Amino acid sequence: MSRRDNDLVLEMTREEFEELVAEALDRIPPELTRLMDNVAVFVEDEPPAQDPELLGLYEGTPLTDRGEWYAGVLPDRITIYRNPTLRMCEDRESVVAETEVTVVHEIAHHFGIDDERLHDLGYG
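Residues numbered from 1 in each chain as written. Predicted model: local features only at pLDDT ≥ 70, side-chain atom pairs only at ≥ 80, totals over all residues. Heavy atoms only, no water.

Peer 1: Just to check I follow, could you spell out the packing of aromatic side chains for this structure?
Peer 2: Aromatic ring pairs are defined here through the distance separating the ring centres and the angle between the ring planes. As enumerated under the stated definition, the model contains one aromatic pair in all. Summarising the aromatic geometry, the rings of W69 and Y70 are spaced 5.6 Å apart at their centres and angled 80° between planes, so their arrangement reads as edge-to-face. W69 sits in the exposed class, given a relative accessible area of 53%. The class of Y70 is buried, set by a relative accessible area of 14%. (Phe/Tyr/Trp six-rings, centres within 6.5 Å; stacked < 30°, edge-to-face > 60°. Buried < 20%, exposed > 50% of the residue type's maximum accessible area, 1.4 Å probe, protein only.)

Peer 1: Hey, could you run me through helix 1 (residues 14-26) in this one?
Peer 2: Every α-helix winds through 3.6 residues per turn, so residues three or four apart in the chain are directed the same way. When the terminal C-alpha atoms of helix 1 are compared, their 18 Å separation across 13 residues agrees well with the 18 Å that a helix rising 1.5 Å per residue should span. The complete set of buried residues in helix 1 reads F17, L20, V21 and A24. Projected onto a plane normal to the axis of helix 1, the buried residues spread over an arc of 100° and lie on a single side. Relative to its buried face, helix 1 has exposed residues pointing more than 90 degrees away, namely E15 and D26. In this fold, the buried residues of helix 1 make contact with strand 1 (39-44), strand 3 (76-81), helix 3 (82-88) and helix 4 (92-110). (Helix = DSSP H or I, 4+ residues; strand = E, 2+ residues; numbered from the N terminus. Expected span 1.5 Å × (residues − 1). Arc of directions from axis to C-beta. Contact = heavy atoms within 4.5 Å.)

Peer 1: Explanation requested: the packing of helix 1 against helix 4 in the structure shown.
Peer 2: Each pair of packed helices can be described by the angle between their axes along with the distance between the axes. It is the contact of helix 1 with helix 4, at a shortest axis distance of 9 Å, that shows an interaxial angle of 55°. The pairing of helix 1 with helix 4 is recorded here as oblique in orientation. Of the two elements, helix 1 crosses helix 4, and the hand of that crossing is right-handed. For the pair formed by helix 1 and helix 4, the contact residues are F17, L20, V21, A24 and L25 on the first element and R92, V95, V96, T99, E100, V103 and I107 on the second. Of the residues contributing to the contact of helix 1 with helix 4, the split by class is nine nonpolar, one polar and two charged. (Axes fitted to C-alpha atoms, helices over the stretch in contact; angles between N-to-C directions. Parallel < 35°, antiparallel > 145°, perpendicular 65-115°, else oblique. Left-handed = near helix turned anticlockwise from the far one by under 90°. Nonpolar A, V, L, I, M, F, W, Y, C, P; charged D, E, K, R; others polar.)

Peer 1: I tried to follow a negative patch on the surface on my own but got confused; where do I start?
Peer 2: On the surface, D114, D115, E116 and D120 cluster together into a negatively charged patch. Assignment of secondary structure puts E116 in helix 5 (residues 115-120). A residue is classified by how much of its surface remains accessible, and E116, at 60% relative accessible area, is exposed. (Patch = residues over 30% accessible without salt bridge, like charges linked within 9 Å, V, L, I, M, F, W, Y side chains within 5 Å. Areas by Shrake-Rupley, 256 points an atom, 1.4 Å probe, with all protein chains shown as cover. Salt bridge = Lys/Arg side-chain N within 4 Å of Asp/Glu carboxyl O. Lys, Arg positive; Asp, Glu negative; His and termini not counted. Charge placed at Lys NZ, Arg CZ, Asp CG, Glu CD.)

Peer 1: How should I be thinking about unusual backbone geometry in this particular structure?
Peer 2: Residue N38 is not a glycine yet carries a positive backbone phi of 55°. Turning to its location among the elements, N38 is positioned in the loop between helix 2 (30-33) and strand 1.

Peer 1: So what exactly am I meant to see when it comes to the nonpolar core here?
Peer 2: One recurring pattern in soluble globular proteins: nonpolar side chains tend to sit buried together. Core analysis: the biggest nonpolar cluster contains 20 residues, and M12, F17, V21, I80, V95, V103 and I107 have the highest contact counts within it. By residue number, the principal contributor to this core is helix 1, which donates four residues. Apart from the residues lying within four places of it in its own chain, the contact partners of V103 are V21, A24, L25 and I80. (Core = buried A, V, L, I, M, F, W, Y, C linked by side-chain atoms within 4.5 Å.)

Spelled out as structure tokens, the structure:
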């Protein structure tokens with residue numbers, strides 16, 4: 001998605017943005033959150049330099065790929081990036097919506113759902 005025409009960036013404190021991420025996590029149905037295993041969610045201001053428009057990133061081993069060998073490993077990591085979201089959104093309501101889509105998108109990767117399927121479901 002593109003940056004707004006006027007190049008003004010919507011302002012929102014990190015604490016406010018972290019609260020939006022927490023609220024998005026709270027809206028995930030409990031029957032799904034109970035299935036999430038060994039995953040932590042973080043908020044960072046900026047994504048890696050090689051992908052400056054990245055809104056979220058899942059790093060880890062999806063539940064569908066785990067086998068008997070999966071024990072004693074560090075938690076999977078979901079990172080939601082604040083500044084790219086603020087740069088692309090027009091207002092607070094669009095930040096709320098985009099944050100929710102990004103959180104669901106990254107959690108879906110934890111469950112083994114790929115980008116193509118997520119795009120088909122409207123979470124691209």
